[in-house]
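# Topology and contacts: notes
Spelled out, the chains give:
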Amino acid sequence: MRRLVVLQAIVIVVSLVAEAYEHETIIGSGAIFSMVGLAIVVTAFRKRDHAAVMFGGSAIVFASFIVFLINFNAWTPAQGNYPITILSLTYAAFALPASVSLALKRRQSEDSDRLHSGVDRGSEGLAESHYADR
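Since the structure is predicted, the reported quantities are computational estimates derived from the model, not experimental observations.

Our focus in this paragraph is the overall build of the chain. Of regular secondary structure, the chain possesses five helices and zero strands. Taken from the N to the C terminus, the helices and strands of the chain come in the order α-α-α-α-α. Split into buried and exposed, the 134 residues of the chain put 28% on the buried side. Contacts in the chain between residues at least 24 apart in sequence constitute 71% of all its contacts with a sequence separation of at least 6. In the form shown here, the chain has an accessible surface area of approximately 9,100 Å², with 66% of it arising from carbon and sulfur atoms.

Shown next as structure tokens:
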């Protein structure tokens, strides 16, 4: 899960850079953005992680909203450049801190799970060598 959240943060940053360079790249980056968001939603839903479901879902909603605006307003790339850039930057201002928070939360949760289970990679090796000596 944490990897998907980090991947989504990378997609957000790369999409912003690509969109600033060439506005038409939102066609491809929007699709990737939505697919990663969908993967987060499915994975998070299975784990009953409501915050991650909302985070992944926000990507799908945002990309859909951009497509709606372009079609509803019949924007040409030149007409849509400024409003889409502003909306994308606004979304990123909220989504990137959320992705950092979710990624750190997942890391702490995974570390805690390993500690509470009493099994980590180092202790597994020790247990195997202990039994091999008998």
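This part is about the packing of aromatic side chains. Summed over all chains, the structure comprises four aromatic pairs. When the ring of Phe33 is compared with that of Tyr91, the centres are 5.6 Å apart and the planes differ by 85°; the resulting orientation is edge-to-face. Of the two residues, Phe33 sits in helix α2 (residues 26-46) while Tyr91 sits in helix α4 (residues 77-117), which places them 58 residues apart along the sequence. Residue Tyr91 is classed as buried on the basis of its relative accessible area, which comes to 13%. Pairing Phe68 with Phe72 gives two aromatic rings, centres 5.3 Å apart and planes at 20°, and the pair type is stacked.

Here we take up the environment of Val100. Position of Val100 relative to the elements: it lies in helix α4. A residue is classified by how much of its surface remains accessible, and Val100, at 48% relative accessible area, is partly exposed. As for Val100 and Arg2, which are separated by 98 residues in sequence, their C-alpha atoms are 9.7 Å apart.

Let us look at a nonpolar patch on the surface. On the surface, a cluster of nonpolar side chains totalling about 320 Å² of accessible area is made up of Val6, Leu7, Ile10 and Val14. With respect to the helices, strands and loops of the structure, Ile10 is situated in helix α1 (residues 2-21).

Moving on, we come to the nonpolar core. Counting residues in each nonpolar core, the largest one holds 22 residues, and the members touching the most others are Met1, Val5, Ile12, Phe33, Ile40, Phe55 and Tyr91. Excluding anything up to four places from it in sequence, Val5 contacts Ile40, Phe55, Ser99, Leu102 and Ala103.

Attention now moves to the confidence of the model for the chain. Per-residue pLDDT for the chain averages 83, and the proportion of residues at 70 or more is 78%. Per-element confidence in the chain is highest for helix α3 (residues 50-73), whose mean pLDDT is 95, and lowest for helix α5 (residues 121-133), whose mean pLDDT is 49. The low-confidence segment residues 126-131 (pLDDT under 50) makes zero contacts with residues lying over four places distant or belonging to another chain.

The rules behind these values
Residues numbered from 1 in each chain as written. Predicted model: local features only at pLDDT ≥ 70, side-chain atom pairs only at ≥ 80, totals over all residues. Heavy atoms only, no water. Helix = DSSP H or I, 4+ residues; strand = E, 2+ residues; numbered from the N terminus. Buried < 20%, exposed > 50% of the residue type's maximum accessible area, 1.4 Å probe, protein only. Contact = heavy atoms within 4.5 Å. Areas by Shrake-Rupley, 256 points an atom, 1.4 Å probe, with all protein chains shown as cover. Phe/Tyr/Trp six-rings, centres within 6.5 Å; stacked < 30°, edge-to-face > 60°. Patch = residues over 30% accessible without salt bridge, like charges linked within 9 Å, V, L, I, M, F, W, Y side chains within 5 Å. Salt bridge = Lys/Arg side-chain N within 4 Å of Asp/Glu carboxyl O. Core = buried A, V, L, I, M, F, W, Y, C linked by side-chain atoms within 4.5 Å. pLDDT = per-residue confidence, 0-100.

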